[in-house]
Amino acid sequence: MSYLIMISFKFISFGLSEFGYVIFLRSFFHYNKYLAWATVFISNILFLYLFAMLGFLSVAAEAMFVVGLFLILYFFITGVIFDKRPSFTFDTLTIWLIFYFFVIAFSLASSHLLHYDNYSHWELIVKFLFVEGRIPGASDTIITFTSYPLASSLFVYYVADIVGFSSGTLLLGQFFLLFSCMYALFAVIRDRRIILTSALLCLVITVFNIFNIAIRMDNLLVDFLLPMVTLTGISGLISYQKNYWKMIIHGSLFFITLSLIKNSGIFFSLIVWSLLVFYLFRYCKKWKHRLLNILNSLVILGISCLPIILWNKHVKDTFSLSKHEVSVSAYETLFGEKGHAIIELIIHRFIDKSFSFSTLAFQGIIEINLILLISFLVIHFVVKRKNSLLSILVFTDLMIIFYYVGMLMMFLLSMPTQEALNLAGMNRYASSIVILAWGILGISLAREIDLSLFEQNIQKRNYKSFKNVSTKKIYQFSSLSIIFLSTLLALSEANGINYNNLNYSKTDPGLFSKITGDVMTPNNKKYLVVTTSKTNVADFYTAFVGKFYLFSPHVNAMENFVMIFSSFKKLLNQYDYVVILQKHYTFNLMIRRLYHHSVTPGVYKASTLENKMSKK
């Protein structure tokens, strides 16, 4: 109970610190309340990135936390003295968002990380940052994917640094960032009193979970985060399209952050930049000023690219070899491994999967096209109003096409042959662009519905602002139905997350957690992991999980121990420790024949395995 109270106190302290920055943004810069949280979190990331590159990551994290607390204390005191307490409105949207936040947050708080890529990189890098308080160097061989930028990892690290390191804390840290992006979507709504438009965005948020099913939110992967940060950038540009400097600052912040989340984030950052160029071009009516704004946008692009250029320079200067490195020579090497026949086979498989109705991504693309097309026709011919939905449909399809071409290039140029032939990870890569497309659909529909309402003067709108009783009933029924469906989908996502945890104790992470615990001291000890799973050994899952829990780069997993006794002894002599995850018949038989005793799951010193009491 005392542990729970302490963790709750730390989370509240973290929230208050961040709230201090939010009030600062809103008070001094009059920032949109829906965009403020996401902008603060993004600013946290960029601040930590800057000082991490300078070698002061831990100091920067502590300073940022303390300054936030001083800000909230200052605003509390001044608010009480001058009677400027912040006002909160509990409308339908607020109630639903609070419900969604706590339903998902409670599920994630008790969740465990299971996905392969958490242990090969995303959780491992956060643990490294937490323990070492710095970014990896050439000697830190435990980090394999050294070219991956650290944006999201830095924010999750920041939460862990304040609250404490655990799976639940890391997942909540990622969820805070995701939820702030979801909240930011509502910045595009012109009239907050119209429940239908808010309900529509609530539904879109829960639909995201359907297309994120390949990985869900109970992991630290960034495939869901990329489109969500992009949508926040888009929402801000739409909201600030008539405010020149806010538009530039907001667009630049999110462009930079997207490029620092993952190497492929540059595609998403260009979407934000292209929208910024569009609004800058439209901002002025004179062509002279428009051309000047286009020139300004190119300067902004160049400046915004500096952080990712510096990161890639750091990777090149620090590491002699880096997995998934962004370089022409690396692409030439991997592409050269694939013969003409293999390239044709990869392209053929890619096209087949891209247009297969059995894939969730293609189903989503078809649904998006149908909804946008039908909505355009209804508004154009029934409501008799010109609308932008057809243009948005064309833009969305072009965006998806370019993304799929880029995805194919990734399989051909930057993936090993076998992974490329298996189209490894294609479902979750495709889900990113489909989620982005759904978000664009939701934003566009919400605005077009608002512009199609009978009363266009927002000040005059009230409960009588309908063409007739029938349209009012349709509005009320649609709003309630959408809210109800959104609630069901939110509960479904929470149940899905909880279901994933049912068999945790039998998974490799569950077994390591029980047998070895989470080692928080880096070491170079050599571990042999004994497991019964051929699949997890073959795809290196057990080894990666072992590297995370044992915090050593020298972890090898084996399932097959059919060998002569001399080879078995030689094998054991290569390691410092043996970790037995499950009862293994062959390994136990070899030990019994050699040393005349049995072993049970646990950690053993390899040099003393002949001793029955050698268990660590």
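Residues numbered from 1 in each chain as written. Predicted model: local features only at pLDDT ≥ 70, side-chain atom pairs only at ≥ 80, totals over all residues. Heavy atoms only, no water.

Caption draft 1: Representation of the overall build of the protein. Within the protein, the secondary structure is distributed over 25 helices and four strands. Whereas a compact globule of 616 residues would reach a radius of gyration of roughly 25 Å, the protein reaches 27 Å, a difference of no more than 12%. Taken over the C-alpha atoms alone, the protein extends approximately 90 × 70 × 50 Å along its principal axes. Sorting the 616 residues of the protein into buried and exposed places 54% on the buried side. Taking the intrachain contacts of the protein between residues at least 6 apart in sequence as the baseline, contacts between residues at least 24 apart amount to 77%. Summing over all exposed atoms, the protein offers an accessible surface of approximately 29000 Å²; the carbon and sulfur share of this is 67%. Where the 51 positive side-chain charges of the protein centre and where its 31 negative ones centre are 7 Å apart. (Helix = DSSP H or I, 4+ residues; strand = E, 2+ residues; numbered from the N terminus. Rg over C-alpha atoms; globule rule 2.2 N^0.38 Å. Buried < 20%, exposed > 50% of the residue type's maximum accessible area, 1.4 Å probe, protein only. Contact = heavy atoms within 4.5 Å. Areas by Shrake-Rupley, 256 points an atom, 1.4 Å probe, with all protein chains shown as cover. Lys, Arg positive; Asp, Glu negative; His and termini not counted. Charge placed at Lys NZ, Arg CZ, Asp CG, Glu CD.)

Caption draft 2: Structural view of the pairing of strand 3 (residues 577–580). Alternating residues of strand 3 divide into Y577 and V579 and V578 and I580, and every residue in both groups is buried. Both strand 1 (residues 527–530) and strand 3 contribute to a ladder of four bridges, which runs parallel. Residue Y527 lies in a different strand from strand 3, and its bridge partner there is Y577. By the bridge criterion, four bridges tie strand 3 to strand 4 (residues 602–605) in an arrangement that is antiparallel. Residue pairing in the sheet places V579 in a bridge with V603 of strand 4. (Pairing = 2+ DSSP bridges.)

Caption draft 3: Representation of helix 16 (residues 360–382) in the model. With 23 residues, helix 16 extends 32 Å between its outermost C-alpha atoms, agreeing within 8% with the 33 Å of an ideal straight helix rising 1.5 Å per residue. Buried within helix 16 are the following residues: A361, F362, G364, I365, I368, L372, S375, F376 and I379. In this structure, the buried residues of helix 16 make contact with helix 8 (195–211), helix 15 (340–354), helix 17 (389–413) and helix 19 (426–451). (Expected span 1.5 Å × (residues − 1).)

Caption draft 4: Examining the nonpolar core more closely. Y100, F208, Y404 and F411 are the most contacted members of the largest nonpolar core, which totals 189 residues. When residues of this core are assigned to their parent elements, the largest contribution, 14 residues, is made by helix 19. Leave out the neighbours within four places in its chain, and Y404 touches F350, S354, A361, I365, M426, A430 and I433. Counting 19 residues, the second-largest nonpolar core is a separate cluster that includes V530, V578, M590 and Y595. (Core = buried A, V, L, I, M, F, W, Y, C linked by side-chain atoms within 4.5 Å.)

Bear in mind that shape data such as this cannot, by itself, settle questions of function.
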